[in-house]
Amino acid sequence: MHRSDLPGAGYIGRFAPSPTGPLHAGSLVAALASWLDARAYGGKWLVRIEDVDLPRCVPGADRVILEQLEACGLVPDDLPVWQSRRDELYADALQHLLAADHVYACACSRREISLAAQSEGQELTRHAELVYPGTCRNGLKGKAARAMRVRTLNAKGHDVQIEWTDRRLGAQRQNLARAVGDFVLHRADGLWAYQMAVVVDDALQGVSHVVRGEDLSDNTPRQIHLQRLLGLPTPVYLHTPLVLGANGEKLSKQNGATPLNLRDCLAALRTAGVSLGIATEASDLNSWLTQAIVQWREKWALPVA
Ligand SMILES: [Zn+2]
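Residues numbered from 1 in each chain as written. Predicted model: local features only at pLDDT ≥ 70, side-chain atom pairs only at ≥ 80, totals over all residues.

Some points on the sheet that holds strand S3 (residues 81-82)
Where we set the bar: Two strands form a pair only when DSSP identifies at least two bridges running between them. Working definition: helices are DSSP H or I runs of at least four residues, strands are E runs of at least two. Numbering for both runs from the N terminus. Here contacts are defined at the residue level, using C-beta atoms placed from the backbone and a cut-off of 7 Å between them. Think of each axis as a best-fit line through the C-alpha atoms, taken over the contacting stretch in the case of a helix, with angles from 0 to 180 degrees between the N-to-C directions.
Strand order in the open sheet formed by three strands is S1-S2-S3, and the pairing between neighbours is parallel. Across the chains shown, the open sheet's two edge strands, defined by having one partner strand only, are strand S1 (12-15) and S3. The pairing of S1 with strand S2 (residues 44-49) spans four bridges and is parallel. In the sheet register, Gly13 faces S2, and the bridge partner there is Trp45. Packed onto the sheet, helix H1 (residues 25-40) meets S1 and S2 and runs at close to 165° relative to S1.

Okay, structure coming up:
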């Protein structure tokens, strides 16, 4: 197979930061990885501002992120989109799912879910959310609707099982009903859930390849489930290794990751490159990026379609 035969023609990739603060070392790795993959395979690279959870966003952080990307030579091929402006698109998708009875209204408070789940013997863990016990699956029994949930049991009442292949992690599988349960698409506070916005936007933007950090790989089966229910294609996924802070936890603003120093983007890119297995001696930004594309292609071949 020749390079020119690689399925790059229809390639659309994206970087989708939440504007909760400026880019830091960890988020630059995600940006760089998705950019390199798109460039390595002749694709388009898009930026999407994931500000669907507006209360968590920091005003102006979106602009800062776009400036930081540009300073590092990572320039999107199209105008960025903001999820907070795409309400109607998510509402449309929800209507489709409602009409097909794939979603239902849930009246449970967090406390009620917690009590019901604990009475089933589930234990609260720090990172995992409780599996929704299905209380409202067959109706609200007169209570007021709070959130909308999608079913993870199929029409025959069997658990939905999702299998997919990640370019780095290989064959993956999850029993969605047992691992997650019927999950929220529209929240009690009126905001759209991350899963809903991502699936709708990836499809509408024609995203064919998703390259993102491994911390998000646990979301993939939920997103594939929604794609299937909405009749949307499933992108090719590559989840890159996590960048860990000194305390061994994912690098984030909360555990002391400092914002990028724009006066030395090359140094920041070098550091980001190390966690992706990329090391070049180039002494200017453009040469570094060009050489990194070559190394990326050698390291992360696209699966043959
Ligand atoms: Zn409920």
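Here the narrative resumes.
Some thoughts on the pairing of strand S5 (residues 147-150)
Where we set the bar: In this scheme every C-beta is placed from the backbone, and a residue whose C-beta has 20 or more other C-beta atoms within 10 Å is buried, one with 12 or fewer is exposed, and one in between is partly exposed.
Burial along S5 is two-sided: Ala147 and Arg149 facing one way and Met148 and Val150 facing the other are all buried. Here strand S4 (residues 103-106) pairs with S5 via four bridges, running antiparallel. Bridged to Cys106 within S5 is Ala147. Two strands pair when backbone bridges link them, and S5 and strand S8 (residues 183-186) are joined in this way by three bridges, in the antiparallel orientation. Bridge pairing links Met148 to His186 in S8.

Here we look at the domain arrangement of the protein
Where interface size is quoted, it is often the accessible area lost as the parts come together. Short version of the rule: Each domain span listed reflects an automatic or database assignment of domains. Three categories are distinguished: nonpolar for Ala, Val, Leu, Ile, Met, Phe, Trp, Tyr, Cys and Pro, charged for Asp, Glu, Lys and Arg, and polar for the others, with Gly belonging to the last.
Domain parsing of the protein yields domain 1 (3-86 + 198-299) and domain 2 (87-186). A straight line from the C-alpha centre of domain 1 to that of domain 2 covers 28 Å. Counting residues at the interface gives 18 residues for domain 1 and 20 residues for domain 2. Among the elements of the structure, helix H6 (194-204), helix H7 (220-229) and strand S10 (236-240) are those that each provide at least two residues to the side of domain 1 that touches domain 2. In terms of residue class, the side of domain 1 that touches domain 2 is made up of 10 nonpolar, six polar and two charged.

Points about the confidence of the model for the protein
We count it as follows: A residue's pLDDT is simply how confident the predictor is in it, with values from 0 to 100.
Chain-level statistics for the protein give a pLDDT mean of 90 and a share of 90% at 70 or above. The low-confidence segment residues 1-7, where pLDDT is below 50, has five contacts with residues more than four positions distant or belonging to other chains.

Section: the sheet that holds S5
Spatial ordering of the open sheet is given by S4-S5-S8, a layout of three strands whose pairing is antiparallel. Sheet topology places S4 and S8 at the edges, where each strand pairs with a single neighbour. Each strand axis lies, on average, 45° off the axis of its neighbour in the sheet, ignoring direction.

A word on the pairing of S10
Consecutive side chains along a regular strand alternate between the two faces of the sheet. S10 sits mainly inside the fold: five of its five residues count as buried. Sheet topology places strand S9 (residues 209-213) next to S10; five bridges connect them, and they run parallel. Paired with His209 across the two strands is Val236, which belongs to S10.

Quick word on helix H3 (residues 87-99)
Rules: To estimate how far a helix should reach, multiply one less than its number of residues by 1.5 Å. Of all possible arcs, the one meant is that of the directions from the helix axis to the C-beta atoms.
The end-to-end C-alpha distance of H3 is 18 Å, a good match for the 18 Å that 13 residues give at a rise of 1.5 Å each. For H3, the complete set of buried residues consists of Tyr90, Ala93, Leu94 and Leu97. The buried residues of H3 occupy an angular sector of 100° when the element is viewed end-on, so they sit on one face. Exposed residues lying more than 90 degrees from the buried face of H3 are Glu88, Asp92, Gln95 and Ala99.

Focus on the environment of Asp51
Relative to the helices and strands, Asp51 resides in the loop between S2 and helix H2 (61-71). Given 20 C-beta atoms within a 10 Å radius, Asp51 is considered buried. It is 5.6 Å that separates the C-alpha atoms of Asp51 and Ser84, two residues lying 33 residues apart in sequence. Ignoring anything within four residues of it in the chain, the contact list for Asp51 reads Ser18, Pro19, Cys57, Asp62, Trp82, Gln83 and Ser84.

Examining the nonpolar core
As a rule of thumb, soluble globular proteins bury nonpolar side chains together. We apply this condition: Any set of buried Ala, Val, Leu, Ile, Met, Phe, Trp, Tyr and Cys residues joined through C-beta atoms within 7 Å is what this text calls a nonpolar core.
Ranked by size, the top nonpolar core spans 40 residues in total, and within it Leu28, Val29, Ala31, Leu32 and Trp35 carry the most contacts. Only H1, S2, H2, S9, S10, helix H8 (265-275) and helix H9 (285-299) provide two or more residues apiece to this core. In terms of residue count, the dominant contributor to this core is H1 (10 residues). If we skip the residues at most four places from it in the chain, Ala31 touches Phe15, Leu23, Leu69 and Leu74. Judged by nonpolar contacts, the second largest core, of 32 residues, contains Val52, Tyr104, Tyr132 and Phe183.

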